[in-house]
Amino acid sequence: MAVQSKGGKRAKGKRALGSKALGSRAVGSRAPGSLLTQSQIDEIFRRFHEACPHPKTELHYQDPFTLLVAVVLSAQATDASVNRATPDLFRVANTPETLLALGEAGLIEKIKTIGLYRSKAKNLIAASKKLVEEHGSKVPDNREALETLPGVGRKTANVVLNVAFGEKTIAVDTHIFRVANRTGLAPGKTPLDVELTLNEVVPERYKHNAHHWLILHGRYVCKARKPECWRCLINDICLYEPKTPAPG
Ligand code: SF4
């Protein structure tokens, strides 16, 4: 198992929050599927909660339908690019009926700044049609029905279930996949492996917010190309080596 690097030692003095007792020297058996102990995992989420008690999705939405649209649009695109396009879109189409009325060509015109816009437009029109015809124009609140909608896979269903319906689902995107593997929290070869382990090891009281914390952590601190370990809240628990030292 990896231990503190020189960089990790340097960063340690600068962290606002730290716990020697629960850091990488912590003893105890690993949580099932994780490389960390349950105490270390509890401590990670305690710190995330303390630093940001009410994390939120960064996508702008009004209700379950507009959330569904925003999440479908965000696949392989940034939330910021989606948020730039959706105000104009939702002004004219914020229900399945109005989206259908806009039509595929009209929808393309509104979302053409977002990656993969053609296939997303096609899927959103087909999903709206299905919502109107089979679900009384309402977004269903269960995974089985959500995953039958064109363009909606497990990750999108998990986000909608969590954000719109308050379920304790964890949607594993590229950020969560990276953070879970780097830290040792929930190593896995596929997003589903990681999700299943997270479901097992994340303490129940933190589960509803877990995916927001992990996404935000991956997006702003544990970045893909160069993680900013020197200012990371969980530096002393994370198993990733070598840790990035403070610049300068
Ligand atoms: S930034 Fe990422 S890799 Fe670096 S210590 Fe934090 S969680 Fe670990």
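Help me understand the overall build of the protein, please; the structure alone is not making it clear to me.
When you go through the protein residue by residue, the secondary structure sums to 11 helices and zero strands. Listing every helix and strand of the protein by position from the N terminus yields α-α-α-α-α-α-α-α-α-α-α. Of the contacts made within the protein by residues no fewer than 6 positions apart, 61% connect residues no fewer than 24 positions apart.

Looking at this model, I keep getting lost on helix α3 (residues 64–73). Mind explaining?
In an α-helix, one turn spans 3.6 residues, which is why side chains three or four residues apart end up on the same side. Summarising burial for α3: nine of the 10 residues are buried, a large majority. Among all positions of α3, only F65, T66, L67, L68, V69, A70, V71, V72 and L73 are buried. At its buried positions, α3 is contacted by α4 (79–92), α5 (96–111), α6 (117–134) and α8 (154–163).

For this particular structure, what's the right way to read the packing of helix α9 (residues 174–183) against helix α11 (residues 207–220)?
Relative orientation and spacing of two packed helices are given, respectively, by the angle between their axes and the distance between those axes. In contact at an axis separation of 8 Å, α9 and α11 are set at 85 degrees when each is read in the N-to-C sense. When the axis of α9 is compared with that of α11, the two are roughly perpendicular. Contacts between α9 and α11 involve H175, I176, R178 and V179 from the first element and H211, L214, I215, H217, G218 and R219 from the second. When grouped by side-chain class, the residues that make up the contact of α9 with α11 number four nonpolar, four polar and two charged.

I'm lost on the environment of P203 in this one. Help?
Here P203 lies in the loop between α10 (191–201) and α11. Residues P203 and R46, spaced 157 residues apart in sequence, show a C-alpha to C-alpha distance of 9.7 Å. In this structure, P203 is in contact with D42 and F45, ignoring residues within four places of it in sequence.

So what exactly am I meant to see when it comes to the confidence of the model for the protein here?
If pLDDT is low for a region, its predicted coordinates should not be looked at in detail. Taken as a whole, the protein shows an average pLDDT of 91; of its residues, 89% reach a score of 70 or greater. Counted against residues more than four places away or in other chains, residues 1–21, with its pLDDT under 50, gives 38 contacts.

Is there a simple way to explain the nonpolar core in this structure?
A general trend in soluble globular proteins is that nonpolar side chains are found buried together. Counting 64 residues, the largest nonpolar core has L68, L124, V160, I176, A180 and L198 as its most contacted members. Residue contributions to this core peak at eight residues, all from α3. Two domains each provide a minimum of three residues to this core, namely domain 1 (6–56 + 169–231) and domain 2 (64–163). In contact with V160, other than residues within four places in its own chain, are P64, L67, L68, V71, V139 and L146.

Any chance you could explain the packing of α3 against α6 here in plain terms?
Where α3 meets α6, the closest approach of the two axes is 10 Å, and the angle between their N-to-C directions is 155 degrees. Considering their axes alone, α3 and α6 lie roughly antiparallel with respect to each other. Helix-helix and strand crossings are classified by hand; for α3 and α6 the assignment is right-handed. Residue-level inspection shows V69, V72 and L73 of α3 in contact with α6, the latter providing K120, N123 and L124. A per-class count over the contact of α3 with α6 returns four nonpolar, one polar and one charged.

Calculation notes
- Residues numbered from 1 in each chain as written.
- Predicted model: local features only at pLDDT ≥ 70, side-chain atom pairs only at ≥ 80, totals over all residues.
- Helix = DSSP H or I, 4+ residues; strand = E, 2+ residues; numbered from the N terminus.
- Contact = placed C-beta atoms within 7 Å.
- Buried ≥ 20, exposed ≤ 12 C-beta atoms within 10 Å, placed from the backbone.
- Axes fitted to C-alpha atoms, helices over the stretch in contact; angles between N-to-C directions.
- Parallel < 35°, antiparallel > 145°, perpendicular 65-115°, else oblique.
- Nonpolar A, V, L, I, M, F, W, Y, C, P; charged D, E, K, R; others polar.
- pLDDT = per-residue confidence, 0-100.
- Core = buried A, V, L, I, M, F, W, Y, C linked by C-beta atoms within 7 Å.
- Domains from an automatic or database assignment.
- Left-handed = near helix turned anticlockwise from the far one by under 90°.

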